[in-house]
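Descriptive analysis of the structure
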Amino acid sequence: MTALFAHMRKFVALDADEESILAGKIRQKKIKKKEFLLKEGEVCNANYFVVKGCLRMYFIREDGVEQIVQFAIENWWITDFQSLDWHQPSRFFIQAIETTEVAVLDRSVLPALCARLPQLDHYLRLIVQRAFAAAQQNLYFIYTFSGEERYHHFNDAFPQFVQRIPQYMVASYLGFTPEFVSKIKTQRKPRASRSKQPAPRRK
């Protein structure tokens, strides 16, 4: 729980007793590379905090192609908010890109836990707000940046993803084909003219 508590302390104050209460309600889970935390059609019943490793969230388009919508590495949260909140079947898959360890905050314990620990409720609200802000930012860049600009900004802003994630997955997240990414990489990088970056959902 050390990594999770360290991350929480960046946003809220927790004493030892509160950490002990929270530790008693959070499960730890290890999943192998390519194993799934969630599959399409299942109901998402938890929030997942990445302690170690890397996950991706994706759906299958009508043409059968995988479309990645989010990555998560250490200190990032990931879940299907709609399935979790509405308790309905998910449209997404959450899969391990690497062998991954997660802290699992189950939906079943969340209401009582947040009532007992207001700091946890505040922390989770901040995480959701940041996730929503990042999603809005991504939409903005999809409609205002060229494909080449999006790739170079992603590459510069998130080298930790580029180094760990296969090129075809980066291409899927950015809405490209792997061939398009290969073409961009062979060209000279254009001079940066914009200050913001498209981002995976914020930690």
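Overview of the structure.

Reading the values: rules and limits
- Residues numbered from 1 in each chain as written.
- Predicted model: local features only at pLDDT ≥ 70, side-chain atom pairs only at ≥ 80, totals over all residues.
- Heavy atoms only, no water.
- Helix = DSSP H or I, 4+ residues; strand = E, 2+ residues; numbered from the N terminus.
- Polar contact = N/O pair within 3.5 Å; in protein donor to acceptor, adjacent residues only side chain to side chain.
- Buried < 20%, exposed > 50% of the residue type's maximum accessible area, 1.4 Å probe, protein only.
- Contact = heavy atoms within 4.5 Å.
- Axes fitted to C-alpha atoms, helices over the stretch in contact; angles between N-to-C directions.
- Parallel < 35°, antiparallel > 145°, perpendicular 65-115°, else oblique.
- Nonpolar A, V, L, I, M, F, W, Y, C, P; charged D, E, K, R; others polar.
- Core = buried A, V, L, I, M, F, W, Y, C linked by side-chain atoms within 4.5 Å.
- Pairing = 2+ DSSP bridges.
- Salt bridge = Lys/Arg side-chain N within 4 Å of Asp/Glu carboxyl O.

A closer look at the side chain of Arg56
Mapped onto the elements, Arg56 comes out in strand β4 (residues 55-60). A polar contact of 2.8 Å, which involves the side chain of Arg56, links it to the side chain of Glu66.

Quick word on helix α6 (residues 147-157)
Those residues of α6 not exposed but buried are Gly147, Glu149, Arg150, Tyr151, His152, His153 and Phe154. The secondary structure elements touched by the buried residues of α6 are α5 (118-144), α7 (159-164), α8 (167-174) and α9 (178-186).

With respect to the packing of α6 against α9
Two elements in contact, α6 and α9, have axes whose closest approach is 11 Å; the angle formed by their N-to-C orientations is 75 degrees. With respect to α9, the element α6 is oriented roughly perpendicular. In contact with Gly147, Glu148, Tyr151 and His152 of α6, α9 contributes Phe180, Val181, Ile184 and Lys185. Of the residues that constitute the contact of α6 with α9, the class distribution is four nonpolar, two polar and two charged.

Quick notes on the nonpolar core
Burial of nonpolar side chains together is a common tendency in soluble globular proteins. By size, the foremost hydrophobic cluster in this structure holds 36 residues, and its most contacted members are Leu55, Phe71, Phe161 and Ile165. The element that contributes the greatest number of residues to this core is α8, accounting for five residues. Membership of the second largest hydrophobic core comes to 19 residues, among which are Met8, Leu22, Ala103 and Leu117.

Quick look at the sheet that holds strand β6 (residues 77-78)
In space, the four strands of this open sheet follow the order β1-β8-β3-β6, with antiparallel pairing throughout. With one partner strand each, in any of the chains shown, β1 (27-31) and β6 form the two edges of the open sheet. As judged from the two bridges shared by strand β3 (residues 46-52) and β6, these two strands associate in the antiparallel manner. The partner of Tyr48 across the bridge, within β6, is Ile78.

Brief notes about the pattern of salt bridges
Tallied over the full model, the rule gives seven salt bridges. Among the salt bridges present, the one from Arg61 reaches Asp63, with a minimum N-O distance of 2.6 Å. Residue Arg125 pairs with Asp121 through a salt bridge whose shortest N-O separation is 2.9 Å. Of the two residues, Arg125 and Asp121 are both situated in helix α5; the distance of four residues between them amounts to about one turn of the helix.

Points about the pairing of β4
Each regular strand carries side chains that alternate between the two faces of the sheet. Sheet topology note: the β4/strand β5 (residues 66-72) ladder contains six bridges and is antiparallel. When the sheet's bridge partners are listed, Leu55 is paired in β5 with Ala72. The turn joining β4 and β5, which pair antiparallel and follow one another in sequence, is formed by five residues; a positive phi near 90 degrees is taken by Gly64.

Here's the deal with unusual backbone geometry
Phi is positive for Lys34, close to 75 degrees, though the residue is something other than glycine. Of note, Lys34 is situated in the loop between β1 and β2 (36-38). Accessibility expressed as a relative area gives 59% for Lys34, which makes it exposed. Located in the positive-phi region is His87, a residue other than glycine, with phi close to 55 degrees. With respect to the helices and strands, His87 occurs in the loop between α3 (81-86) and β7 (93-96). For His87, a relative accessible area of 42% corresponds to the partly exposed category.

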